[in-house]
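Chain by chain, the residues run as shown.
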Amino acid sequence: MLEMKDIAKSFPGVKAVDDVSFVLKSGEVHTLLGENGAGKTTLMNILFGIYRQDSGEILIDGKHVKISSPHNAIAHGIGMVQQHFTLVPSFTVAENTVLGLRELGVFPRTGRVERRIRELGDTYGLKVDPDARAWTLSVGEKQRVEILKILYTGAKILILDEPTAVLVPHETRALFDALRKMKEADTSVVFISHKLDEVMQISDRITVLRKGLAVDTVDKKATTKAALAKMMVGRDLLVDVPRTDVETGSKILEVKNLRVNDDRGLTAVNDISFTVRAGEVLGIAGVEGNGQRELAECIYGMRKPLNGKVFIDGQDITRTPVRKRVQLGLSFIPQDRKGMAISPNLSVEENLFAKNYATQSVPSHPLLSNRTGVSTASRKLVRDFSIVTPSEKTRAKYLSGGNIQKVVLARELSSSPKAVIAAQPTRGLDVGAMEFVYKTLLEQKKKGAAVLLLAGDLDELFRLADRVAVIYGGKLVGYASPDSSNREKIGLMMSGASGAGDEA
Amino acid sequence: MSDIVPFVVFTLQAAVRAGTPLLFAVLGDILTERSGVMNLGIEGLMLVGAISGFVASYSTGNLFLAIVVAMLAGAALGLVHAFFTISLRVNQIVSGLAITMLGTGISGLWGKGYVGVVAQRFTPMRIPLLSDIPYIGTIFFNHSLLVYISYICVPLLWLFVYKTKYGMTLRAVGEAPEAADSRGINVFAVRYFYTVLGCSITAIGGAYLSLAYNSMWIENMTAGRGWIAIALVLFATWDPVKALFGAYLFGGVTALGFRLQAIGADIPTDFLRMLPYLLTVVVLIFTSTEKLRLRVGAPATLGIPYSREEKT
Ligand SMILES: Nc1ncnc2c1ncn2[C@@H]1O[C@H](COP(=O)(O)OP(=O)(O)O)[C@@H](O)[C@H]1O
Ligand SMILES: [Mg+2]
């Protein structure tokens, strides 16, 4: 019923979508599978009118349509839940649902809307309180609202851009139940993902994208996970990085009864304590927004704790400035890559040595930087970390996500730190870059560093961590050993179903 | 002791008079900022409103026309600001400051020939019955027409912003433009419209100065009111009703200064002149908390141009 023909779209420097064709039948769940950067979002943004294609055409029921804005798309019965939620924080669920709809009178009444939202919620198993303000909702609830918003308009085509990235396992199951019900109601769903297990569970057909090209469209029944993986990355999937067992040493990083506020002044980290030993990776599993960021920033010294203490190598650093912490051997790989980890407009070289003032890894005058020393050293780092960049003088923002992360790793890890805080280090990276990050972090472990890994992806934690602690609502709710058999249990703890874990 | 009551009443009446230009400026700017466009050009807009209104009144003797001309002049400058910040995506602070300088310059040049001349002006009108209420009548219902218009504007704008679908659209565009866009709302059109409309209302504040408050043209007659208005918008958390209280509070501070001087109190004039700015600083300190911004639906994208394809 819907056909996208030979769609192409370029951004400065990349061909994001390269002559892709895509057919969506009515009542099917059609998955777009591909690594990060494959062009999935771009292709669907074109369908939803957020981007304009450079060439190619779109047909609905055999008729040409021109979709130049989301307004057109909605009129054609297309709705999209974007990767970043699009809710107005101060509006209620009901207000968010009817925003911009033509049915709205000059003085909108939300009573009827609220009833309809409850009905839809019951029908599809997507329960939300229509009267709640959007900013008070959890991530899972926000997503339900986004879907209800679209169902409310009676759309026949629903696009979901990586909806499960923010969900814990049982929420994902509920989402899939809802999708199956929509199918019964003859709604077509475009489901974007790069998680093979889920794709095999929910899809009818699968289109694989790689580097902007459509590799193939296959029937779910006629394919396997391994075949999909190969199509997706263009080679066999990464072999499991062997987890070398390292003799753990003395306590390196220690956190006691830490309590930290977030930017809004609400408690984000609530009485957290843990220890990481030399040669150990402690994984902290959790859905984003449960205090991970504040915890990491506090340990690194960018956020003052209200209460509690941080030790490195037995030394109390709770009141120590960042510069001193760096000198004591603390490294930080922040989750906000472009906002915090690098300075996008400075060169690769300047980013690589942004901490030289503290580390003096290239001895420099206190006021003047040692240009030649830095240049030589950064050429070596670029080589050692195989950073792909036109030159060391290129502005960091022009690098791809994976290479930016390599710059960060090079800066943070080349100084042989005693303790490393890695917050969501592989988010948004493709498989190759992910592999590199894993390898580099495991090397640090081998060298005897204490690594604190904050992540949401359980596979990543299972691969790297020696122990996994689960954070929920700012508290450590339990520990589990990193073992696939614990997947369900950890998922439950991440969603706040307490009491499921072992004690430390 | 019997002196104190008339003193208070007259001070309060003066507070309303002095607060009205601020009120118009703040109401206009609330609309502009709610759409996500920051405007530091208020001072310039008020000056242009003041001179264009004055010139129109001088040459036609028609006060209604004078207000329309002032609004059109404000709208024209608003269109310039909108073009630079929304279409060209120039930094909004820079564009705003440029509008202030431009407005100051234009009004100074244009006004050269009008210093000391007399034009048709708004005179106080007592409202029957209401003005007979003791105290209240004198304080609120013995003013010029523009003051009464501002009274009506406040609840109307409040209703508009919080209770109508247009207000919903406006708030959504300022708070979460991607959300509005993904619902088919034309973010650019909305921002253009409210920037222009807001600027034209702001200009009435200037016209009030030259046609009612001072009833003449004096170069730079806004004397920093535009800057106070910018702070007041924050103080009012983009709420027209709170804007009323804020404007009269600041009007009161100004009025009190003059009154105290008039009765010969021994207060340095410099201190009195400083008072509004001091209060501005205090207000800003108390209103800039994050939680408050979320609650009141602060235009989170204030100052940030919108582009669908821009990668962040
Ligand atoms: N607005 C944009 N500006 C510049 N480049 C972009 C933009 N959006 C996407 N890209 C680039 O296009 C490519 C495809 O991105 P995207 O569609 O987001 O991939 P996916 O959703 O499959 O992860 C990437 O190389 C990305 O960097
Ligand atoms: Mg994407």
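Please read all numbers here as calculations on a predicted model, not as lab measurements.

**Quick word on the overall build of chain B**
At step 1: Each helix and strand in chain B was counted, giving 13 helices and 2 strands.
At step 2: For chain B, the C-alpha radius of gyration of 20 Å lies close to 20 Å, the compact-globule estimate for 312 residues.
At step 3: The C-alpha extent of chain B, read off along each of the three principal axes, is 65 × 45 × 40 Å.
At step 4: For chain B, the computed accessible surface area is about 13600 Å², with 71% contributed by carbon and sulfur atoms.

**Description of the overall build of chain A**
At step 1: Summing up its helical and strand segments, chain A has 18 helices and 20 strands in all.
At step 2: For 504 residues, the compact-globule estimate of 2.2 N^0.38 gives 23 Å, and the C-alpha radius of gyration of chain A, at 24 Å, lies within 12% of that figure.
At step 3: Each principal axis of the C-alpha distribution contributes one length, and for chain A these read about 70 × 50 × 45 Å.
At step 4: Burial status across chain A gives 53% buried among its 504 residues.
At step 5: Counting only contacts in chain A whose residues sit at least 6 apart along the sequence, the fraction spanning at least 24 positions is 67%.
At step 6: Considering chain A, the positive charge centre built from 70 side chains and the negative charge centre built from 60 side chains are found 4 Å apart.

**Digging into the sheet that holds strand E4 (residues 55-60) of chain A**
Residues and elements named next belong to chain A.
At step 1: Read from one edge of the open sheet, 4 strands run E2-E1-E4-E5, paired in antiparallel fashion. Two strands lie at the open edges of the sheet, namely strand E2 (14-24) and strand E5 (63-65), each paired on one side alone. Between one strand axis and the next, the sheet turns by 30° as a mean value, whatever way the strands run.
At step 2: Examined bridge by bridge, strand E1 (residues 2-11) and E4 share 5 bridges and lie antiparallel to one another. Considered in E4, the bridge of Ala-8 is made with Ser-55.

**Focus on the pattern of salt bridges**
All names here are of chain A.
At step 1: On inspection of all chains with the given rule, the structure shows 25 salt bridges over all chains.
At step 2: Lys-183 is paired through a salt bridge with Asp-204; the nearest N and O atoms lie 3.1 Å apart. Linking Lys-183 in helix H6 (residues 169-184) with Asp-204 in the loop between helix H7 (196-202) and strand E9 (205-210), this pair joins segments that are 21 residues apart in sequence.
At step 3: Lys-183 gets classed as partly exposed once you look at its relative accessible area, which sits at 26%.
At step 4: Assessed through its relative accessible area of 26%, Asp-204 is described here as partly exposed.

**Observations regarding the interface of chain B and chain A**
At step 1: Taken together, the contact between chain B and chain A spans 25 residues of the former and 39 residues of the latter.
At step 2: At the level of secondary structure, the elements contributing two or more residues to the side of chain B that touches chain A comprise helix H7 (165-175), helix H8 (177-182) and helix H13 (290-296) of chain B.
At step 3: At 7 residues, H7 of chain B tops the list of elements feeding residues into the side of chain B that touches chain A.
At step 4: A breakdown of the residues in the side of chain B that touches chain A according to their chemical character gives 8 nonpolar, 5 polar and 12 charged.

**As for the packing of aromatic side chains**
At step 1: Within the structure shown, the criterion is met by 16 aromatic pairs over all chains.
At step 2: Between Phe-188 of chain B and Tyr-306 of chain B, the ring centres sit 6.1 Å apart and the planes meet at 45°, which makes this aromatic pair tilted. With Phe-188 of chain B in helix H9 (residues 187-213) and Tyr-306 of chain B in the segment after H13, this pair connects stretches of sequence that are 118 residues apart.
At step 3: Among the residues examined, Phe-188 of chain B registers a relative accessible area of 34% and is labelled partly exposed.
At step 4: Classification of Tyr-306 of chain B as buried rests on a relative accessible area of 11%.
At step 5: The rings of Phe-140, Phe-141, Tyr-148 and Tyr-151 of chain B are connected pair by pair, giving a single aromatic cluster.
At step 6: Above the plane of the ring of Phe-436 of chain A lies Lys-406 of chain A, whose end atom (NZ or CZ) is 4.9 Å from the centre.

**Structural notes on the coordination of the magnesium ion (ligand 2)**
Residues and elements named next belong to chain A.
At step 1: Coordination of the magnesium ion (ligand 2) by the protein involves Thr-41 (OG1) and Gln-83 (OE1), with metal-donor separations of 2.0 to 2.7 Å. Taken together, the positions of Thr-41 in helix H1 (residues 40-47) and Gln-83 in the loop between strand E6 (78-81) and helix H3 (93-98) put the pair 42 residues apart, joining distant regions of the chain.
At step 2: Taking relative accessible area as the criterion, Gln-83 reaches 35% and is therefore assigned partly exposed.

**Digging into the nonpolar core**
At step 1: Counting residues in each nonpolar core, the largest one holds 113 residues, and the members touching the most others are Ile-147, Leu-179 and Met-182 of chain A.
At step 2: Not counting residues within four places of it along the chain, the set of residues in contact with Met-182 of chain A comprises Tyr-124, Leu-126, Ile-147, Leu-151, Leu-158 and Thr-187 of chain A.

**Side note on the environment of Val-468 of chain A**
All names here are of chain A.
At step 1: As for its position among the elements, Val-468 is in strand E19 (residues 467-472).
At step 2: For Val-468, a relative accessible area of 0% corresponds to the buried category.
At step 3: Non-local contacts of Val-468, meaning those with residues more than four positions away in its chain, are made with Gly-283, Ala-285, Leu-461, Gly-478, Tyr-479, Ala-480, Pro-482 and Ile-490.

**Digging into the sheet that holds strand E12 (residues 267-277) of chain A**
Residues and elements named next belong to chain A.
At step 1: Ordered in space as E12-E11-E14-E15, the 4 strands form an open sheet in which the pairing is antiparallel. Looking at the sheet topology across the chains shown, the edges are occupied by E12 and strand E15 (315-316).
At step 2: In the sheet, strand E14 (residues 307-312) pairs with E15 via 2 bridges, with the strands oriented antiparallel. For Ile-312, the partnering residue across the bridge sits in E15 and is Gln-315.

**Thoughts on unusual backbone geometry**
At step 1: Look at Asp-313 of chain A: it is not a glycine, yet its phi comes out positive at around 55°.
At step 2: Even without a glycine there, the phi angle at Ala-223 of chain B is positive, about 45°.
At step 3: With respect to the helices, strands and loops of the structure, Ala-223 of chain B is situated in the loop between H9 and helix H10 (225-235).

**Concerning the domain arrangement of chain A**
Residues and elements named next belong to chain A.
At step 1: Along its sequence, chain A is organised into domain 1 (2-233) and domain 2 (251-362 + 377-494).
At step 2: Using only C-alpha atoms to locate each centre, domain 1 and domain 2 end up separated by 32 Å.
At step 3: Taken together, the 10 residues of domain 1 in the interface contact 11 residues of domain 2.
At step 4: With both chains or domains summed, domain 1 and domain 2 bury close to 790 Å², and 60% of this area falls on carbon and sulfur atoms.
At step 5: When the area that domain 1 buries against domain 2 is broken down by residue, the three leading residues are Asn-36, Val-168 and Pro-169, summing to 47%.
At step 6: The tally of links from domain 1 across to domain 2 stands at 1 salt bridge.
At step 7: Scanning the region where domain 1 abuts domain 2 turns up 1 residue pair in polar contact (both at pLDDT 80 or more).
At step 8: Ranked by residues supplied to the side of domain 1 that touches domain 2, first place goes to H6 with 3 residues.

**Quick word on the side chain of Thr-318 of chain A**
Residue and element names in this part refer to chain A.
At step 1: On the secondary structure map, Thr-318 appears in the loop between E15 and helix H10 (322-327).
At step 2: Under the relative-accessibility criterion, Thr-318 is labelled buried at 8%.
At step 3: Within the structure, the side chain of Thr-318 is placed 2.5 Å from the side chain of Asp-316, a separation counted as a polar contact.
At step 4: Residue contacts for Thr-318: discarding those within four places in its chain leaves Pro-305, Gly-308, Lys-309, Val-310 and Arg-325.

**Details of the confidence of the model for chain B**
At step 1: For chain B, the average pLDDT comes to 90, and 94% of its residues sit at 70 or higher.
At step 2: Here the complex is predicted with pTM 0.78, and the ipTM for its interfaces comes to 0.86.

**Remarks on a nonpolar patch on the surface**
At step 1: A cluster of nonpolar side chains, Ile-4, Val-5, Val-8, Leu-12, Leu-130, Ile-133, Tyr-135 and Ile-136 of chain B, forms an exposed patch at the surface whose accessible area comes to about 650 Å².
At step 2: Look at Val-5 of chain B and you get partly exposed, because its relative accessible area is 38%.

**What about the pairing of E1 of chain A?**
At step 1: Where E1 of chain A meets E2 of chain A, 7 bridges bridge the pair, whose relative direction is antiparallel. In the sheet register, Lys-9 of chain A faces E2 of chain A, and the bridge partner there is Val-17 of chain A.

**Some points on the pairing of E9 of chain A**
Remember that side chains alternate between the two faces of the sheet whenever the strand is regular.
Residues and elements named next belong to chain A.
At step 1: Here E9 lies mainly inside the structure; 5 of its 6 residues are buried.
At step 2: With 4 bridges connecting them, strand E3 (residues 29-33) and E9 associate as parallel partners. Paired with His-30 across the strands is Arg-205, a residue of E9.
At step 3: Pairing geometry for E9 and strand E10 (residues 213-219), over 6 bridges, is antiparallel. Looking at E10, one finds that Arg-210 is bridged to Leu-213.
At step 4: Hairpin geometry of E9 and E10 is characterised by an intervening segment of 2 residues between the two adjacent antiparallel strands and by a positive phi of about 50° at Lys-211.

Criteria and cut-off values
- For every chain, the first residue of the written sequence is number 1, and numbering continues from 1 along that sequence.
- Chain A is the first chain written and ligand 1 is the first ligand written, with later ones labelled in order.
- The predicted nature of this model means local features are confined to residues of pLDDT at least 70 and side-chain atom pairs, given and counted, to a pLDDT of 80 or more, with totals for whole chains, interfaces and linings taken over all residues.
- Working from all heavy atoms in the structure, the side-chain values ignore hydrogens and water.
- By the criteria applied, helices consist of DSSP H or I runs no shorter than four residues and strands consist of E runs no shorter than two, each listed in order from the N terminus.
- The globule rule used here is 2.2 Å times the number of residues to the 0.38 power, and the radius of gyration it is set against is calculated over C-alpha atoms.
- Note on areas: Shrake-Rupley with a 1.4 Å probe; residue coverage comes only from the protein chains shown.
- Relative accessible area decides the class of each residue, using a 1.4 Å probe on protein chains only: under 20% of the type maximum gives buried, over 50% gives exposed, and in between gives partly exposed.
- Whether two residues are in contact is decided by their heavy atoms: any pair within 4.5 Å suffices.
- A positive count includes Lys and Arg, and a negative count includes Asp and Glu. His and the chain ends are not counted in either.
- Taken as the charge location is NZ of Lys, CZ of Arg, CG of Asp or CD of Glu.
- Note: two strands are recorded as paired if DSSP finds a minimum of 2 bridges between them.
- Between N-to-C directions, angles span 0 to 180 degrees; the directions come from axes that are lines fitted to C-alpha atoms, helices contributing only their stretch in contact.
- The rule for a salt bridge is simple: a side-chain nitrogen of Lys or Arg has to be within 4 Å of a carboxyl oxygen of Asp or Glu.
- Three classes are used, and their members are as follows: Ala, Val, Leu, Ile, Met, Phe, Trp, Tyr, Cys and Pro are nonpolar, Asp, Glu, Lys and Arg are charged, and the others, Gly among them, are polar.
- When the centres of two rings from Phe, Tyr and Trp lie within 6.5 Å, Trp using its six-membered ring, the rings pair. Their planes under 30 degrees apart give stacked, over 60 give edge-to-face, and anything left gives tilted.
- Whether a charge sits over a ring comes down to the Lys NZ or Arg CZ being within 6 Å of the ring centre and within 35 degrees of the ring normal.
- For Na, K and Ca the donor cutoff is 3.2 Å, while for all other metals N, O and S atoms count as donors only within 2.8 Å; water does not appear among the atoms, so some sites may look incomplete.
- Note on terminology: a nonpolar core comprises buried Ala, Val, Leu, Ile, Met, Phe, Trp, Tyr and Cys residues joined through side-chain atoms within 4.5 Å.
- Reported domain spans reflect what an automatic or database domain assignment gives.
- Each of two parts loses accessible area, computed with a 1.4 Å probe, when they are put together; buried area is these two losses added.
- Polar contact is defined as a pair of N or O atoms within 3.5 Å, subject to the rule that within protein one atom must be able to donate a hydrogen and the other to accept it, and that residues adjacent in sequence are counted only when both atoms are side-chain atoms.
- For every residue, the predictor states its confidence as a pLDDT score lying anywhere from 0 to 100.
- The residues that make up patches have over 30% relative accessible area and no salt bridge, and they are joined within 9 Å when like-charged or within 5 Å when they are Val, Leu, Ile, Met, Phe, Trp or Tyr.

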